[in-house]
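Listed below, chain by chain, are the residues.
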Amino acid sequence: QVQLVESGGGLAQPGGSLRLSCAASGFTFSSYVMSWARQAPGKGLEWVSGIYSDGSVTYYADSVKGRFTISRDDAKNTLYLQMNSLKPEDTAVYYCAKARDTLYSGRYYSGWRNEYDYWGQGTQVTVSS
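These numbers come from a predicted model, not from an experiment.

A. Region of interest: the pattern of salt bridges. For the coordinates displayed, the defined rule picks out six salt bridges. The closest approach of N and O atoms between E46 and R38, which form a salt bridge, is 2.7 Å. Judged by relative accessible area, E46 falls into the partly exposed class, the value being 30%. Between K98 and D117 there is a salt bridge, and its shortest N-O distance comes to 3.2 Å. Within this pair, whereas K98 is found in strand β9 (residues 92–99), its partner D117 is found in strand β10 (residues 116–119), the two being separated by 19 residues in sequence. Residues participating in the shared-partner salt-bridge network are R38, E46, R67 and D90.

Written as C-alpha cells, this is what we have:
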C-alpha cells in the first residue's frame, strides 16, 4: 500500500533552516508529481510547492519562493523540502502528497487538492525565538 512518511520537522529560530524529508513506498515514485502542503494553526491547508515526476520542473507558492527548495531523489524514493530564511509565519504542520494521475503537471490551481490521492501524517515545523 502507498505510504508517505515525513520527517525533519522541529523548532527553528527566525532566519534559520530546516530540511524536511518524505519517504515514499508502495508505488512507482518516479512516475508521479509530488508536492508539499502545510496547515498553520487555525487555518486551512495551503499548497507550498510541487515537483514534476522527473524533477525537471518545480513550482512554489509566492509566500515561500526564493526561500524554499523542493527536490526529489528517485533512487531513494524520497521527496525533500529545504527551508531557509524561516519566518514565524512558516509555523505549520507540513504534509507531502502524491498526485493522483501521472499526467498532472504539478502546477498550482484552485482545485489543487483534488489532484492528490495520498498524504503523509505530517511533520510539525515551529519557527520561534
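That covers the picture; the talk isn't over yet.
B. Expanded view of the pairing of strand β1 (residues 3–7). Of the two faces of β1, the one lined by L4 and E6 is fully buried and the one lined by Q3, V5 and S7 carries no buried residue. As judged from the five bridges shared by β1 and strand β3 (residues 18–25), these two strands associate in the antiparallel manner. The residue bridging Q3 from the neighbouring strand is S25, located in β3.

The rules we used
- Residues numbered from 1 in each chain as written.
- Predicted model: local features only at pLDDT ≥ 70, side-chain atom pairs only at ≥ 80, totals over all residues.
- Heavy atoms only, no water.
- Salt bridge = Lys/Arg side-chain N within 4 Å of Asp/Glu carboxyl O.
- Buried < 20%, exposed > 50% of the residue type's maximum accessible area, 1.4 Å probe, protein only.
- Helix = DSSP H or I, 4+ residues; strand = E, 2+ residues; numbered from the N terminus.
- Pairing = 2+ DSSP bridges.

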